[in-house]
Amino acid sequence: MEQKKQIRKRKDYLSWDEYFMSIAKLTAARSKDPNTQVGACIVSSDNRVLSCGYNGAPNHFNDDSFPWNREGEPLETKYMFVCHAEANAIDNFRGYKKEFEGARIYVDLFPCNECAKKIIQSGIQEVIYLSDKYSESDSTKASKILFDTCGVKYRQMDKKHQKEFKISLKPDTTIEYV
Ligand SMILES: [Zn+2]
């Protein structure tokens with residue numbers, strides 16, 4: 001009897017980590033900050049996207065009059081006013097906060113200490129990040145103390161998952177891996 005050739009599944013589909021980090025990165029593209037674009041994606045323990053956020057001006061603060069400066073008098077810099085991606089992702093969620101229990105957050109930059117506190121209080125239990133470029137800052141050091149003390153796990157996304165691909169929004173195209 002002739003054996004039918006079995007069609008196998010695609011091999012280059014995205015892993016969960018790759019998929020959710022991609023959503024975080026794509027969300028970052030909404031940021032109007034000329035220097036730093038950060039995106040965050042919160043995912044339930046059963047791999048459903050719960051919420052996304054990016055760094056930006058608070059609601060009703062006109063983006064065009066927002067001070068995006070990094071240097072100068074404190075009131076002339078963004079730091080006093082900007083809402084971070086992780087905080088926005090938590091605040092953008094419209095469901096029952098109970099769903100955050102055991103959830104994880106994907107973010108392309110290690111969370112600052114203010115976001116770390118929000119993450120802990122929300123019930124999120126794991127942080128997956130790409131860059132830790134401010135690891136020497138007091139803010140990042142405080143975040144790690146907070147996470148270690150409060151039992152929130154954190155890990156950098158595995159190098160083997162740090163892929164690059166191109167998404168085209170033109171019809172009838174597929175993802176191109178670089
Ligand atoms: Zn933050």
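Attention here is on the structure that accompanies the text. Being a predicted model, the structure only gives us computed values, none of them experimental.

Here's the deal with the overall build of the chain
So, step 1. Within the chain one finds four helices and seven strands.
So, step 2. In the chain, the succession of α and β elements from N to C terminus is α-β-β-α-β-α-β-α-β-β-β.
So, step 3. By its C-alpha atoms, the chain is 80 × 40 × 35 Å across when sized along the principal axes.
So, step 4. Scored against the burial criterion, the 178 residues of the chain give a buried share of 28%.
So, step 5. Restricting to contacts in the chain with at least 6 residues of sequence separation, those with at least 24 account for 57%.

Considerations on the packing of helix H2 (residues 85-92) against helix H3 (residues 113-122)
So, step 1. The contact between H2 and H3 brings their axes to 8 Å, and the two run at 30°. One way to sum up the angle between H2 and H3 is to call them roughly parallel. Helix-helix and strand crossings are classified by hand; for H2 and H3 the assignment is left-handed. Every residue of H3 that contacts H2 at Glu86, Ala87 and Ile90 is listed here: Cys115, Lys118, Ile119 and Ser122.
So, step 2. Split into classes, the residues belonging to the contact of H2 with H3 amount to four nonpolar, one polar and two charged.

Some details on the nonpolar core
So, step 1. Membership of the largest hydrophobic core comes to 32 residues, with the highest contact counts inside it found for Ala40, Cys41, Ile42, Ile105, Tyr106 and Val107.
So, step 2. Setting aside its immediate chain neighbours within four residues, isoleucine 42 contacts Leu50, Ser51, Ala89, Phe93, Ala103, Ile105 and Ile124.

Considerations on H2
So, step 1. The buried count for H2 comes to six of eight residues, which makes it a mostly enclosed element.
So, step 2. Those residues of H2 not exposed but buried are Ala85, Glu86, Ala87, Asn88, Ala89 and Ile90.

Structural notes on the packing of H3 against helix H4 (residues 138-150)
So, step 1. Relative orientation of the contacting elements H3 and H4 amounts to 20°, with a least axis distance of 8 Å. Judged on the interaxial angle alone, H4 and H3 are roughly parallel. For the pair H3 and H4, the sense of crossing is right-handed. Packed against H3, whose contacting residues are Asn113, Ala116, Lys117 and Ile120, the element H4 presents Ser139, Ala142, Ser143, Leu146, Phe147 and Cys150 at the interface.
So, step 2. Each residue belonging to the contact of H3 with H4 can be placed in one class, and the counts come to six nonpolar, three polar and one charged.

Some words on the pairing of strand E1 (residues 39-43)
Looking along a regular strand, one sees side chains alternate from face to face of the sheet.
So, step 1. Within E1, five of the five residues are buried, which leaves the element mostly enclosed by the surrounding structure.
So, step 2. Taken together, the five bridges between E1 and strand E2 (residues 49-54) define a ladder with antiparallel strand orientation. Looking across to E2, one finds that valine 43 is bridged to valine 49.
So, step 3. The hairpin turn running from E1 into E2, its antiparallel successor, is five residues long, and asparagine 47 in that turn takes a positive phi close to 65°.

Notes on the sheet that holds E2
So, step 1. Reading across the sheet, the five strands line up as E2-E1-E3-E4-E5 and stay open at both edges, with mixed pairing between neighbours. Every interior strand has two partners, whereas the edge strands, E2 and strand E5 (153-156), have only one. Ignoring which end each strand starts from, the neighbouring axes of this sheet average 15° apart.
So, step 2. Taken together, the four bridges between E1 and strand E3 (residues 104-109) define a ladder with antiparallel strand orientation. Bridging across to E3, valine 43 finds its partner in arginine 104.
So, step 3. Against the sheet, H2 makes contact with E1, E2 and E3, and its axis sits at roughly 135° relative to E2, the strand it touches most.

Conventions and cut-offs
- Every chain is numbered independently, its residues counted from 1 as its sequence is written.
- At least 70 in pLDDT is required for a residue's local features to be given in this predicted model, at least 80 for side-chain atom pairs to be given and counted, and no such filter applies to totals for whole chains, interfaces and linings, which use all residues.
- Secondary structure follows DSSP: runs of H or I at least 4 residues long count as helices, runs of E at least 2 residues long count as strands, and numbering of each begins at the N terminus.
- Every C-beta atom is placed from the backbone, and the number of other C-beta atoms within 10 Å of a residue's own sets its class: buried at 20 or more, exposed at 12 or fewer, partly exposed in between.
- Contacts here follow a simple rule: the backbone-placed C-beta atoms of the two residues must lie within 7 Å.
- Every axis in this analysis is a line fitted to C-alpha atoms, fitted for helices over the stretch in contact. Angles between the N-to-C directions lie between 0 and 180 degrees.
- An angle below 35 degrees is treated as roughly parallel, one above 145 as roughly antiparallel, one from 65 to 115 as roughly perpendicular, and anything else as oblique.
- Should the near helix be turned counterclockwise from the far one by less than a right angle, the crossing is left-handed, whereas a clockwise turn marks it as right-handed.
- Side-chain classes are defined by residue name, with Ala, Val, Leu, Ile, Met, Phe, Trp, Tyr, Cys and Pro counting as nonpolar, Asp, Glu, Lys and Arg as charged, and the others, Gly among them, as polar.
- To count as a nonpolar core, a set of buried Ala, Val, Leu, Ile, Met, Phe, Trp, Tyr and Cys residues must be joined through C-beta atoms within 7 Å.
- At least two DSSP bridges between two strands are needed for those strands to be called paired.

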